[in-house]
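# Reading the structure
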Amino acid sequence: MITKDIELIDQKISKESAFIDDLFLEINKTIIGQQHMIERLLIGLLGSGHILLEGVPGLAKTLAINTLASAIKGNFNRIQFTPDLLPSDVIGTLVYNVKAGDFSIKKGPIFANFILADEINRSPAKVQSALLEAMQEKQVTIGEETYLLDDPFLVLATQNPVEQEGTYPLPEAQTDRFMLKTIIDYPKKEEEKLIIRNNLSNKKPVVKPVVSIKKILDSRKLINEIYMDQKIENYIIDIIFSTRSPEEYKMKELSNLINFGASPRGSINLAKAAKVYAFIKRRGYVIPEDVRAVCHDVLRHRIGLSYEAEAENISTEEVIDRILNTIEVP
């Protein structure tokens, strides 16, 4: 691509991505710190992807997505996943009308722009799989009818890494459908002081809509125009292929640690997330740092570790670090 064209795209992106600052300001009214989580929420929203959040209770996961929904005037529904939940409780069901003698559709909470699937691993596989069609196809089937879901449609699923009793681990086919898996940590000392003050204050912050849904949908199309050089594409391919055949990339020691590598969804989502990250940073082109910034979130749930890795207490984080430190940066 000609340098002049890249400059034009860069100027266009710089202008059209100005609303990102407004969104951050609005979200930061209620969410103190957690910039990594907020950035990942925006990557999911602008990249048409879903997010799996892992963190102990009380880290503002519900509040964050509720605030984001308010800031763009979207519909928000929270589904608490429990062992007795049924697929019909999520997507909806057919209800028999005695007077009319026919069935009518009762739509479930899945029909919203933002869905919080709280503690998704608390429910059995049949309920988890009810989300599969919704997440992948952006539609649900009730009876013989198929209904399109709202656009944008973002599923934010949470799971508690501490309590594993009475849980149903997500199968690989399910986790692969999440664009990102983000680990949330505790706030810093100064941030926690502000959290205490805000919660004990009589004046509660009010989140106002600062971006329209149309603007989000237009930005998604614009993100596809962001320039990605062939060297960056090759860099992404090398990262993904090194998770499948590490010995070909001078990382033979990883061969016994990895059971399976990232699927083609991994490479698609890594490229897409890198473009969205460039957009958030108000750039019209992707640089290697964009790929590296989102790599852990895109790949940590797509690499299957062997028993040997678990026995040696080696995590997917360490495997990704090793790959990023070995693969040559363009």
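Read on for an overview of the structure. Given the structure is predicted, the values throughout are model-derived calculations rather than measurements.

## Considering a nonpolar patch on the surface
- Together, Leu 94, Tyr 96, Val 98, Phe 103 and Ile 105 make up a nonpolar patch on the protein surface, roughly 510 Å² of accessible area in all.
- Elements with a contribution of two residues or more to the nonpolar patch: strand S3 (92–97) and strand S4 (102–107).
- Structurally, the position occupied by Phe 103 is in strand S4.

## Side note on the nonpolar core
- One finds Ile 43, Ile 239, Leu 270, Phe 279, Val 291 and Leu 299 to be the most contacted residues of the largest nonpolar core, which totals 74 residues.
- Ranked by the residues each element gives to this core, the list is headed by helix H11 (residues 264–280), at nine residues.
- Setting aside residues no more than four positions away along its own chain, Ile 239 makes contact with Leu 270, Val 291, Cys 295, Leu 299, Ile 323, Leu 324 and Ile 327.
- In terms of nonpolar packing, the next biggest core, distinct from the first, is built from 26 residues, Phe 81, Ile 110, Leu 131 and Phe 178 among them.

## Some remarks on unusual backbone geometry
- Each neighbour pair has its own omega, and for Asp 151 with Pro 152 the value is 5 degrees, a cis peptide bond.
- Note on placement: Pro 152 falls in the loop between strand S7 (145–148) and strand S8 (154–159).
- One non-glycine residue, Lys 73, lies in the positive phi region at around 55 degrees.
- Of note, Lys 73 is situated in the loop between helix H4 (61–71) and strand S2 (76–80).
- Residue classification places Lys 73 among the exposed positions, given a relative accessible area of 65%.
- Of note, the phi angle at Lys 138 is positive, near 60 degrees, even though the residue is not glycine.
- Relative to the assigned elements, Lys 138 resides in the loop between helix H6 (125–137) and strand S6 (139–142).

## Quick look at the layout of surface pockets
- Each pocket or cavity is described by its volume, and for the largest pocket that value is around 760 Å³.
- For the lining of the largest pocket, the secondary structure elements donating two or more residues are strand S1 (51–54), helix H7 (172–175), strand S9 (180–183), strand S10 (258–260), strand S11 (304–305) and helix H14 (316–326).
- Broken down by class, the residue content of the lining of the largest pocket amounts to ten nonpolar, ten polar and six charged.
- In this structure, the second largest pocket spans a volume of roughly 400 Å³.
- In terms of lining residues, the second largest pocket is bounded by 22 residues, among which Thr 30, Ala 60, Leu 63, Ile 195 and Asn 199 are the most central.
- Within the residue set of the lining of the second largest pocket, elements represented by two or more residues are H4 and helix H8 (189–200).
- Considered class by class, the residues forming the lining of the second largest pocket number eleven nonpolar, eight polar and three charged.

## Overview of the sheet that holds S8
- Strand order in this open sheet of five strands is S2-S5-S8-S1-S9, and the pairing throughout is parallel. Strands at the two margins of the open sheet, each flanked by one partner only, are S2 and S9. Averaged over neighbouring strand pairs, the angle between their axes works out to 20 degrees when direction is ignored.
- Bridge count between S2 and strand S5 (residues 114–118): five bridges; the pairing is parallel. Bridged to Asn 77 within S5 is Ile 115.

## Side note on the packing of aromatic side chains
- Considering all chains together, one arrives at two aromatic pairs under this definition.
- Taking 6.1 Å as the distance between ring centres and 50 degrees as the angle between the ring planes, the aromatic pair formed by Phe 19 and Phe 279 counts as tilted. Residue Phe 19 is located in helix H2 (residues 19–27), and its partner Phe 279 is located in helix H11; the two are separated by 260 residues in the primary sequence. Note on accessibility: Phe 19 and Phe 279 belong to one class, buried.
- Between Phe 111 and Tyr 147, the aromatic rings sit 6.5 Å apart at their centres with planes inclined by 80 degrees, giving edge-to-face as the arrangement.

## Structural notes on the pattern of salt bridges
- Counting across every chain of the model gives 19 salt bridges.
- For Glu 16, the salt bridge is made with Lys 215, and the minimal N-O distance between the two is 2.9 Å. Taken together, the positions of Glu 16 in helix H1 (residues 3–16) and Lys 215 in helix H9 (residues 213–223) put the pair 199 residues apart, joining distant regions of the chain.
- On the accessibility criterion, Lys 215 (26% relative accessible area) is partly exposed.
- Each of the salt bridges in this network shares a partner with another, and the network as a whole consists of Glu 39, Arg 40, Lys 281, Asp 297, Arg 300 and Glu 317.

## Quick word on H14
- Along H14, the positions that sit buried rather than exposed are Thr 316, Val 319, Ile 320, Ile 323 and Leu 324. Mapping the buried residues of H14 onto a view down its axis gives an arc of 130 degrees, with all of them on the same face.

## Let's talk about the environment of Leu 42
- With respect to the helices and strands, Leu 42 occurs in helix H3 (residues 35–46).
- A relative accessible area of 1% means that Leu 42 is categorised as buried.
- A C-alpha to C-alpha distance of 8.7 Å links Leu 42 and Ile 20, two positions 22 residues apart in sequence.
- Other than its neighbours up to four places away in sequence, Leu 42 contacts Leu 23, Phe 24, Gly 47, Leu 68, Val 276 and Ile 280.

The rules behind the values
- Residues numbered from 1 in each chain as written.
- Predicted model: local features only at pLDDT ≥ 70, side-chain atom pairs only at ≥ 80, totals over all residues.
- Heavy atoms only, no water.
- Patch = residues over 30% accessible without salt bridge, like charges linked within 9 Å, V, L, I, M, F, W, Y side chains within 5 Å.
- Areas by Shrake-Rupley, 256 points an atom, 1.4 Å probe, with all protein chains shown as cover.
- Salt bridge = Lys/Arg side-chain N within 4 Å of Asp/Glu carboxyl O.
- Helix = DSSP H or I, 4+ residues; strand = E, 2+ residues; numbered from the N terminus.
- Core = buried A, V, L, I, M, F, W, Y, C linked by side-chain atoms within 4.5 Å.
- Buried < 20%, exposed > 50% of the residue type's maximum accessible area, 1.4 Å probe, protein only.
- Contact = heavy atoms within 4.5 Å.
- 1 Å grid on protein atoms, 1.4 Å probe; cavity = no way out; pocket = protein on both sides within 12 Å on 5 of 7 lines; lining within 4 Å.
- Points joined across faces, edges and corners; volume = space filled by probe spheres on them.
- Nonpolar A, V, L, I, M, F, W, Y, C, P; charged D, E, K, R; others polar.
- Pairing = 2+ DSSP bridges.
- Axes fitted to C-alpha atoms, helices over the stretch in contact; angles between N-to-C directions.
- Phe/Tyr/Trp six-rings, centres within 6.5 Å; stacked < 30°, edge-to-face > 60°.
- Arc of directions from axis to C-beta.

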